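# Chain and residue survey
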Amino acid sequence: MMAAALNETGLRGELLLDEPLSRHTSWRVGGPARRFYRPADRADLVAFLQTLALDEPLLWLGLGSNLLVRDGGFDGTVLAVSGRLNALRLSGSDRLYGEVGVACAHVARLAVRSGGVGLEFLAGIPGTLGGALAMNAGAFGGETWANVVEVETVDRSGIVRTRPPADFVVAYREVHGPAGEWFLAATLHFEPGDAAGAQQRVRQLLDRRAATQPTSQPSGGSTFRNPPGDFAARLIETAGLKGLTIGGAQVSPKHANFIVNLGGATAADIEALIAEVAARVKAVHGVDLRAEVHTVGESA
Ligand SMILES: Cc1cc2nc3c(=O)[nH]c(=O)nc-3n(C[C@H](O)[C@H](O)[C@H](O)COP(=O)(O)OP(=O)(O)OC[C@H]3O[C@@H](n4cnc5c(N)ncnc54)[C@H](O)[C@@H]3O)c2cc1C
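The rules behind the values
Residues numbered from 1 in each chain as written. Predicted model: local features only at pLDDT ≥ 70, side-chain atom pairs only at ≥ 80, totals over all residues. Heavy atoms only, no water. Helix = DSSP H or I, 4+ residues; strand = E, 2+ residues; numbered from the N terminus. Rg over C-alpha atoms; globule rule 2.2 N^0.38 Å. Buried < 20%, exposed > 50% of the residue type's maximum accessible area, 1.4 Å probe, protein only. Pairing = 2+ DSSP bridges. Contact = heavy atoms within 4.5 Å. Axes fitted to C-alpha atoms, helices over the stretch in contact; angles between N-to-C directions. Phe/Tyr/Trp six-rings, centres within 6.5 Å; stacked < 30°, edge-to-face > 60°. Near = heavy atom within 4 Å. Polar contact = N/O pair within 3.5 Å; in protein donor to acceptor, adjacent residues only side chain to side chain. Areas by Shrake-Rupley, 256 points an atom, 1.4 Å probe, with all protein chains shown as cover. Expected span 1.5 Å × (residues − 1). Arc of directions from axis to C-beta. Salt bridge = Lys/Arg side-chain N within 4 Å of Asp/Glu carboxyl O.

## Here we look at the overall build of the protein
If you tally the helices and strands in the protein, you get six helices and 22 strands. Taken against the 2.2 N^0.38 rule, which gives 19 Å for 300 residues, the C-alpha radius of gyration of the protein at 19 Å falls within 12% of a compact globule. Seen through its principal axes, the protein has C-alpha atoms that stretch 55 × 50 × 30 Å. For the protein, the residues scored as buried account for 49% of the 300 residues in total.

Encoded structure:
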């Protein structure tokens, strides 16, 4: 990792060269990013985008909790917004406004403290609001886009737009919007309700997670999407794959849809295990599992 000089550009963020992405993903694997930029704030991010060559590969990074970065790293620029685009405020009695670098847990906390109901599910999702918008993150019956009033996006030339949900095709863990735009911020709706009840629901949801998920081991959360009418974890478990290990990657004995890094896993171990699980589930159940995690970068 090397810091590069920005002082003549007017940019105020931090530019690192060859930054290991294993430091920025929840699986703790991933090779280096050729360039890794942490903007100072939103205006700085917009200015930075305008300096990029049109063909520069770009990867937006939140908390890296849904990303498998290959061992050869990312030959382009990573934009790391977690904690940098971090405005978060109420905007009316039943809405809040958040920039994409805010952690989902903070969004949930603000809603709950204000007596808001409907965003509690975000409390246990270990990502940013930007990642939640990109993934339509959800849990325990709640989904991010069910609460979106509007979003702000930015494109490569730095143009910022406000868009309604109707501009996006939203599905289970999948969101498609206008090409070449990324999320900058969102206004989310919540129902006015009872703060104590909402706080209790958050505690219950977090307890349920701790009881059923390997939360103390590095993972990428749910590896596969649930196929229609079924659960990926059920299919993997009944195929006898809990505990299956390749290198340092293991199908969690606690939750079959989680692959954990036992210590020295490489991204190649994890990718091989994902392929092996999918092949065995297909052989046993005849079901094609689709990955929920996004795989990016080059093989080593
Ligand atoms: C222990 C654990 C539990 C989990 N539980 C859940 C769960 O209950 N429900 C659930 O849905 N997910 C869960 N996940 C997965 C993950 O937390 C979510 O998908 C989360 O929304 C990812 O957010 P992130 O900030 O980490 O995104 P990242 O992993 O950094 O990025 C994910 C994708 O979004 C893109 N992206 C990020 N920011 C932006 C942006 N501003 N604009 C456009 N694209 C962007 C990235 O390029 C990437 O393709 C879990 C993960 C772990 C490790």
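## Structural notes on the sheet that holds strand S19 (residues 245-246)
Strand order in the open sheet made by the four strands is S18-S21-S20-S19, with antiparallel pairing throughout. One side of each edge strand has no neighbouring strand; the edge strands of this open sheet are strand S18 (219-222) and S19. As defined by bridge partners, S19 adjoins strand S20 (residues 249-251) across two bridges and the pair is classed as antiparallel. Opposite threonine 245, over in S20, you have glutamine 250 as the bridge partner. The sheet contacts of helix H6 (residues 267-285) involve S19, S20 and strand S21 (258-261), and relative to S20 the element is tilted by about 30°.

## Concerning the packing of aromatic side chains
Going through the model one piece at a time under the given rule, you end up with five aromatic pairs. On the numbers, 5.8 Å between centres and 15° between planes, the contact of tryptophan 60 with tryptophan 182 is stacked. Separated by 122 residues along the polypeptide, tryptophan 60 in strand S4 (residues 58-61) and tryptophan 182 in strand S16 (residues 181-189) bring together distant segments of the chain. The class for tryptophan 60 is buried, based on a relative accessible area of 17%. Ring geometry for tryptophan 145 and phenylalanine 168: centres 5.0 Å apart, planes at 45°, overall tilted. Of the two residues, tryptophan 145 sits in the loop between strand S11 (142-143) and strand S12 (148-155) while phenylalanine 168 sits in the loop between strand S13 (160-163) and strand S14 (169-171), which places them 23 residues apart along the sequence. A network of ring pairs unites the aromatic residues Trp145, Phe168 and Phe183 as a single cluster.

## Notes on the site of the ligand
Inspection of the region around the ligand gives 33 residues, with Trp60, Ser65, Thr128, Gly138 and His294 positioned closest. One nitrogen or oxygen atom from the side chain of threonine 128 is found 2.7 Å from an oxygen atom belonging to the ligand. Backbone polar atom of glycine 131 to an oxygen atom of the ligand: 3.4 Å apart, as the coordinates give it. In the complex, the protein chains occlude 92% of the 980 Å² of accessible area that the ligand would expose alone. When residues of the shell around the ligand are traced back to their parent elements, those giving at least two are S4, helix H3 (129-135), strand S10 (138-139), S16 and S18.

## Details of helix H4 (residues 195-212)
An ideal rise of 1.5 Å per residue puts 26 Å on 18 residues; H4 measures up with 26 Å between its terminal C-alpha atoms. Every buried residue belonging to H4 is among Gly197, Ala198, Val202, Leu205 and Arg209, and all of these are buried. The arc enclosing the buried residues of H4, seen along the axis, measures out at 145°, which places them on a common side. For H4, the exposed residues set more than 90 degrees away from the buried face come down to Ala196, Arg203, Asp207 and Ala211. Two or three places before alanine 196, at the opening of H4, aspartate 194 has a side-chain oxygen 3.1 Å from that residue's backbone nitrogen.

## Observations concerning the pairing of S13
Across four bridges, the pairing between S12 and S13 is antiparallel. By the bridge assignment for S13, valine 154 is matched with valine 160. Connecting S12 to the antiparallel partner S13 that follows it, the hairpin turn spans four residues, and glycine 158 within it adopts a positive phi of roughly 90°.

## Quick look at the pattern of salt bridges
A complete count under the given rule lists 23 salt bridges for this structure. The residue arginine 34 makes a salt bridge to aspartate 75 at a minimum N-O spacing of 2.6 Å. Of this pair, arginine 34 sits in strand S3 (residues 32-38) while aspartate 75 is found in strand S6 (residues 74-80), placing the two residues 41 residues apart along the sequence. Between glutamate 152 and arginine 42 there is a salt bridge, with its nearest N and O atoms 2.7 Å apart. Here glutamate 152, found in strand S12, pairs with arginine 42, found in helix H1 (residues 42-51); they are 110 residues apart in sequence, far enough to count as distant. Owing to a relative accessible area of 15%, glutamate 152 belongs among the buried residues under this scheme.

## Description of the pairing of S6
S6 sits mainly inside the fold: six of its seven residues count as buried. Where S3 meets S6, four bridges bridge the pair, whose relative direction is parallel. The partner of phenylalanine 36 across the bridge, within S6, is valine 78.

## Considerations on helix H2 (residues 104-113)
Within the span of H2, buried status applies to Cys104, Val107, Ala108, Ala111 and Val112. All buried residues of H2 lie within an arc of 125° about the axis, which places them on one face of the element. Tucked into the core, H2 has its buried residues touching strand S7 (88-90), strand S8 (95-99), strand S9 (116-117), H3, S16 and H4. Once H2 ends, the next one or two residues include glycine 115, with phi positive near 80°.

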